[in-house]
Amino acid sequence: MQIANIIVDVPTMQTNSPYSYLVPKDLQSSLSKGMRVVVPFGKGNRKIEGFVVGIEPLTNQDPAKLKEISSIMDFEPVLDEELLDLSKWLADKTYAFRISCLLTMLPNVMKAKYAKAVKKNHPLTNQALNQKVSDNLMTPFDDKHFTEKELNQLILMQKKGDVEIEYVVKNEAKSKVELAIQNQINDFSGVRKHLKTNASAQHHLLDFLEKHPKKKLVQKKIIEKDGISPSAIKAFFNKGWINKTQVEKYRNPYKHKLVRDHPKRLTPEQEKAVLEIDQAIKKKKPETFLIEGVTGSGKTEIYLQNIQTALNDGRQALMLVPEIALTPQMVNRVKNRFGNQVAIIHSGLSNGERYDEWRRIRDGNAKVVVGARSAVFAPLQNIGIIILDEEHDTSYKQDENPRYHTRDVAIWRSKYHHCPVVLGSATPSLESRARAGKGVYHFIRLTKRVNQQQLPEVEIVDMTKEVAKSGDIFSEELLQAINEKLTKHEQVVLMLNRRGFSSFMMCRDCGYVLMCPNCDISLTMHLDSHTMKCHYCGFEEPIPNVCPKCHSHNIRYFGTGTEKVEQELAKILPQARILRMDVDTTKRKGAHERILNEFGEQKADILLGTQMIAKGLDFPNVTLVGVLNADTGLDLPDFRASERTFDLLTQVAGRAGRADKAGKVIIQTFNPEHYAIQLVKKQDYETFYKKEMKLRHLAGYAPYYFTVKLTVSSTKEQQAAGKSYEILKYLKTQLSHKTMILGPTPRPIARIKNRYYYQIIIKYKVDKKLSPALKQILQSSQQEARKGLRIAIDSEPVNFM
Ligand code: ADP
Ligand code: ZN
Ligand code: ZN
């Protein structure tokens, strides 16, 4: 007899140790490690999902005390040995439960959903219900199948034992299949003698089968493309010369024509980088490289040539990019170079399309994977290189369980696969740059743009002086520069920090600001829907005409959203053709791509957008970049605020002057003297790095200290505060006296969706007792969860709001 070790999916009763289940005889041959199964759990034996993480012979356990696996959910393992190992490490490293790590690695459709279903034990006296509840199947126990009254009746019947209501695990991961035929003939010349000489369609099919004796042939395809006649197929099938079967069909989300692209002749700087990384690929060295290359220095070309080296070596490549940099332009560059062996994983795909791309990778049909954060778990089996472009981007950190950083996972996988990791950025994270400085990472610098152009000239405009002159949106300098570019038929990119940022409503008589009823944050005005919205919980209400508090009509809207800027701009420059890109205009599938295409085809003069336009865009005709408000962020209670501001401004400045025409950048700010803004002027990352490192050293922050953020939340403020002080007390007794504990304090946005948040920040250099203490808190958090408290542990947090 065999037992399987299974990590089960039970919220509030999680542990990282597997449960043992008996493997029933009839499942023994098909069950393997890495498959999902359905098992009975707990007193009520309710059915839940679990992952098989080990199978072993039954030795010292009493089989009578073990439960049996109910059924298998997959035909093949969904996680291989590597990913199972990785999940163990991930759970430990991020203070998460292993089940959430396993689930994170899979496409959404494979995350099990539970539903209740009802089954009868004998015919029911209630005739209507007797008809509705199927005789031998489980009938879904939901409001689509039963009225509210009936649902209640069924619950009563369950108590009496007339029916049973059970949880069932739904498996939504369905693949599409196509009809195919497969040859069964061995003696082709024998069959040929059977056929009438004038049955030309049948001869054609026979010849075709002889050419592909082993292959599964998609029926639709051979009829349409190869001129095979359907009646010949029918005749062959009736004679037993072919079998009918099915093949899995992948949805192809990519509908572009490929334009073959060839490797470019490298600049000396590029060539040196490519060679160094190639060496590591060929020698199978799990080294980490950091490429610090100014915008336009041709980092992507380096990645592409290294990927080629890995492919030539019979290995695969994983390229990660931030979601917003995953533009069609970027995707096309990879697709055009490597064709259909590229799989792309991004948020614009439907669940089904994502699942198909995932299977294409698992089945070895995709050799280059490009995707955002979650693609770091792509089930590639023989990786030759892993790339993290824009490695400083905060979207690489997952903000919910498991709270992992993509860079750490990439480096773990590189050790497993014996391949290099390449981190690239014009503005590396301080952590990575510091590691490169110490020789932990190989440091490669690209200081020149490919086109030999200077970096664009940056001008800082002091808005404190402008407001009086020309209002608070456009300075005279910026308007003049835009006008100049319009007459030259060159293009302009304008960035506004944050979507519809702080366009809040305030009453001029009583000072009332319209707030979200569920969160401690003001509502933002949206002109397209004529509503005030909360960006945290989605609350929405009509734009008011009078102050809700004092009923005065004297209310005003402050701040500037992209919509408002667009309207203003249209008034000032009626001849300009403007495209707006923000969360609202890119909601629909394909909208992002359409806007960029139009801009690329020069159907517009100005591209106005949020952060979305800062990354990855490469338009040769853009010679002016304007930043309308550089400041949002600088005053946030977050020690990385300056770093983020510097990164963003450098990135967006890099969109100008990428081809043969020189570029110019105008940055409007209320903090013209701030070092993060001054240093963008020279786009001098290295000086910024040194200055910022000094400040971090003084204040005791990363990379000099490690940080852990503990957040306690509850719908009752007292409870959240109380628990956080309890945790503080516990930590004080446990941790080294050199470790610093800050807080608890209410979070900067203290209430979201009617939950109150308190946070504790732990700063440390080495503390052996920290990990056991945090794991203890994690374990006890489950009992707290039953009382409505949530405790989140975030190692190396990037978000402090
Ligand atoms: P980065 O990612 O460093 O900002 P890119 O990789 O986007 O830079 O390169 C900028 C532009 O230069 C792109 O249009 C790219 O096609 C082009 N390019 C890169 N390398 C070369 C090269 N060796 N020769 C000619 N053009 C190149
Ligand atoms: Zn008022
Ligand atoms: Zn809200």
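Details of the structure are given in the entry above.
We now turn to the structure provided with this report. (Residues numbered from 1 in each chain as written. Chains lettered and ligands numbered in written order. Predicted model: local features only at pLDDT ≥ 70, side-chain atom pairs only at ≥ 80, totals over all residues. Heavy atoms only, no water.)

### Quick notes on the overall build of the protein
Next up, step 1: On a plain count of helices and strands, the protein comes out with 23 helices and 34 strands.
Next up, step 2: In terms of overall dimensions, the protein is globule-like: its C-alpha atoms have a radius of gyration of 31 Å, near the 28 Å expected for 801 residues.
Next up, step 3: With respect to the three principal axes, the spread of C-alpha positions in the protein is 90 × 75 × 55 Å.
Next up, step 4: Going through the 801 residues of the protein one by one, you find that 52% of them count as buried.
Next up, step 5: Residue pairs at least 24 apart in sequence account for 73% of intrachain contacts in the protein once pairs closer than 6 positions are excluded.
Next up, step 6: As displayed, the protein has an accessible area near 37,800 Å², and 51% of this comes from carbon and sulfur atoms.
Next up, step 7: On the protein, the mean spot of the 121 positive side-chain charges and the mean spot of the 91 negative ones are 3 Å from each other. (Helix = DSSP H or I, 4+ residues; strand = E, 2+ residues; numbered from the N terminus. Rg over C-alpha atoms; globule rule 2.2 N^0.38 Å. Buried < 20%, exposed > 50% of the residue type's maximum accessible area, 1.4 Å probe, protein only. Contact = heavy atoms within 4.5 Å. Areas by Shrake-Rupley, 256 points an atom, 1.4 Å probe, with all protein chains shown as cover. Lys, Arg positive; Asp, Glu negative; His and termini not counted. Charge placed at Lys NZ, Arg CZ, Asp CG, Glu CD.)

### Brief notes about the environment of Val10
Next up, step 1: Structurally, the position occupied by Val10 is in the loop between strand 1 (2-8) and strand 2 (19-22).
Next up, step 2: Since its relative accessible area comes to 6%, Val10 is described here as buried.
Next up, step 3: Spatially, the C-alpha atoms of Val10 and Glu49 are 8.4 Å apart, while their sequence positions differ by 39 residues.
Next up, step 4: Those residues within four positions of Val10 in sequence are excluded, and the remaining contacts are Phe41 and Ile48.

### Thoughts on the site of ligand 1
Next up, step 1: The full set close to ligand 1 counts 17 residues, and Arg265, Gln270, Gly296, Lys299 and Asp618 are the nearest of them.
Next up, step 2: Taking Lys299, its side chain carries an N or O atom lying 3.0 Å from an oxygen atom of ligand 1.
Next up, step 3: Look at ligand 1: alone it shows 560 Å² of surface, and the protein chains cover 78% of it.
Next up, step 4: Broken down by element, the residue count for the shell around ligand 1 peaks at three residues, all from helix 10 (residues 299-312).
Next up, step 5: In the shell around ligand 1, the residues fall into three nonpolar, seven polar and seven charged. (Near = heavy atom within 4 Å. Polar contact = N/O pair within 3.5 Å; in protein donor to acceptor, adjacent residues only side chain to side chain. Nonpolar A, V, L, I, M, F, W, Y, C, P; charged D, E, K, R; others polar.)

### Quick notes on the packing of aromatic side chains
Next up, step 1: Applying the stated criterion to the full structure yields 13 aromatic pairs.
Next up, step 2: Judged by centre distance (6.0 Å) and plane angle (20°), the ring pair of Tyr675 and Phe688 falls under stacked. Remark: Phe688 occurs in helix 21 (residues 685-699) and Tyr675 occurs in helix 20 (residues 675-681); sequence separation between them is 13 residues. Here the two residues Tyr675 and Phe688 agree in accessibility, since each one is buried.
Next up, step 3: Grouped by ring-pair contacts, the aromatic residues Phe646, Tyr675, Tyr685, Phe688 and Tyr689 constitute a single cluster.
Next up, step 4: Above the face of the Tyr675 ring, Lys691 is positioned so that its terminal group lies 5.1 Å from the ring centre.
Next up, step 5: Seen from the ring of Tyr757, Arg747 lies directly overhead, with NZ or CZ sitting 3.7 Å from the centre. (Phe/Tyr/Trp six-rings, centres within 6.5 Å; stacked < 30°, edge-to-face > 60°. Lys NZ or Arg CZ within 6 Å of the ring centre and 35° of its normal.)

### Some remarks on the nonpolar core
When a protein is soluble and globular, its nonpolar side chains tend to lie buried together.
Next up, step 1: Of all hydrophobic cores here, the largest spans 68 residues; its most connected members are Leu79, Leu710, Leu731, Ile762 and Leu774.
Next up, step 2: Apart from the residues within four sequence positions on either side, Ile762 is in contact with Phe706, Thr707, Val708, Leu710, Leu731, Leu735, Thr739, Met740, Leu770 and Leu774.
Next up, step 3: If you look at the next biggest cluster of nonpolar residues, it comprises 39 residues, including Ala434, Ala604, Val625 and Val680. (Core = buried A, V, L, I, M, F, W, Y, C linked by side-chain atoms within 4.5 Å.)

### Here's the deal with the pairing of strand 21 (residues 491-495)
Next up, step 1: Most of strand 21 is tucked away: five of the five residues are buried.
Next up, step 2: Note that strand 21 and strand 29 (residues 622-627) share five bridges and pair parallel. Paired with Gln491 across the bridge in strand 29 is Val622. (Pairing = 2+ DSSP bridges.)

### Quick word on the sheet that holds strand 13 (residues 288-293)
Next up, step 1: A sheet is described by the order of its strands in space; here seven strands give the open sequence 15-16-14-17-18-13-19, paired in parallel fashion. At either end of the open sheet lies a strand with only one pairing partner, and these are strand 15 (342-345) and strand 19 (442-446). On average, each strand axis in the sheet is inclined to that of its neighbour by 15°, with strand direction left out of account.
Next up, step 2: In terms of strand pairing, strand 17 (residues 383-389) meets strand 18 (residues 421-425) through four bridges, oriented parallel. (Axes fitted to C-alpha atoms, helices over the stretch in contact; angles between N-to-C directions.)

### Quick look at unusual backbone geometry
Next up, step 1: Going from Asn401 to Pro402, the amide bond is cis rather than trans, its omega being -10°.
Next up, step 2: Note that Pro402 resides in the loop between strand 17 and helix 13 (406-417).
Next up, step 3: In this structure, Pro703 follows Ala702 across a cis peptide bond, with omega equal to 0°.
Next up, step 4: Position of Pro703 among the secondary structure elements: in the loop between helix 21 and strand 31 (706-714).
Next up, step 5: We note that Asn45 has phi near 50°; this positive angle belongs to a residue other than glycine.
Next up, step 6: For Asn45, a relative accessible area of 37% translates into the label partly exposed.
Next up, step 7: The backbone phi angle of Gln683 is positive, close to 45°, even though this residue is not glycine.
Next up, step 8: Exposure remark for Gln683: the relative accessible area of 10% places this residue in the buried category.

### With respect to helix 6 (residues 200-211)
Next up, step 1: Across its 12 residues, helix 6 extends 17 Å between first and last C-alpha, which sits within 8% of the 16 Å expected from 1.5 Å per residue.
Next up, step 2: Those residues of helix 6 not exposed but buried are Gln202, His203, Leu205, Leu206, Phe208 and Leu209. (Expected span 1.5 Å × (residues − 1).)

### Description of the sheet that holds strand 31
Next up, step 1: Across the sheet, four strands lie side by side as 32-33-31-34; this open sheet has antiparallel pairing. One side of each edge strand has no neighbouring strand; the edge strands of this open sheet are strand 32 (740-752) and strand 34 (790-795). When the angles between neighbouring strand axes are averaged without regard to direction, this sheet yields 20°.
Next up, step 2: The strands touched by helix 22 (residues 717-734) are strand 31, strand 32, strand 33 (755-764) and strand 34; relative to strand 33, the strand with the most contacts, the crossing angle is about 15°.

### Focus on the packing of helix 22 against helix 23 (residues 770-786)
Next up, step 1: Relative to each other, helix 22 and helix 23 sit at 155°, their axes nearing to 11 Å. Considering the angle they form, helix 22 stands roughly antiparallel to helix 23. Here helix 22 runs over helix 23; the crossing is right-handed. Listed contacts from helix 23 to Lys723, Ile727, Tyr730, Leu731 and Gln734 of helix 22 are Ala773, Gln776, Ile777 and Glu784.
Next up, step 2: A class-by-class count of the residues in the contact of helix 22 with helix 23 yields five nonpolar, two polar and two charged. (Parallel < 35°, antiparallel > 145°, perpendicular 65-115°, else oblique. Left-handed = near helix turned anticlockwise from the far one by under 90°.)

### Things to note about a positive patch on the surface
Next up, step 1: Taken together, the side chains of Lys215, Lys220, Lys221, Lys225 and Lys249 define a basic patch exposed on the protein surface.
Next up, step 2: The biggest single contributor to the positive patch is helix 7 (residues 219-226), with three residues.
Next up, step 3: Tracing the chain through its elements places Lys220 in helix 7. (Patch = residues over 30% accessible without salt bridge, like charges linked within 9 Å, V, L, I, M, F, W, Y side chains within 5 Å. Salt bridge = Lys/Arg side-chain N within 4 Å of Asp/Glu carboxyl O.)

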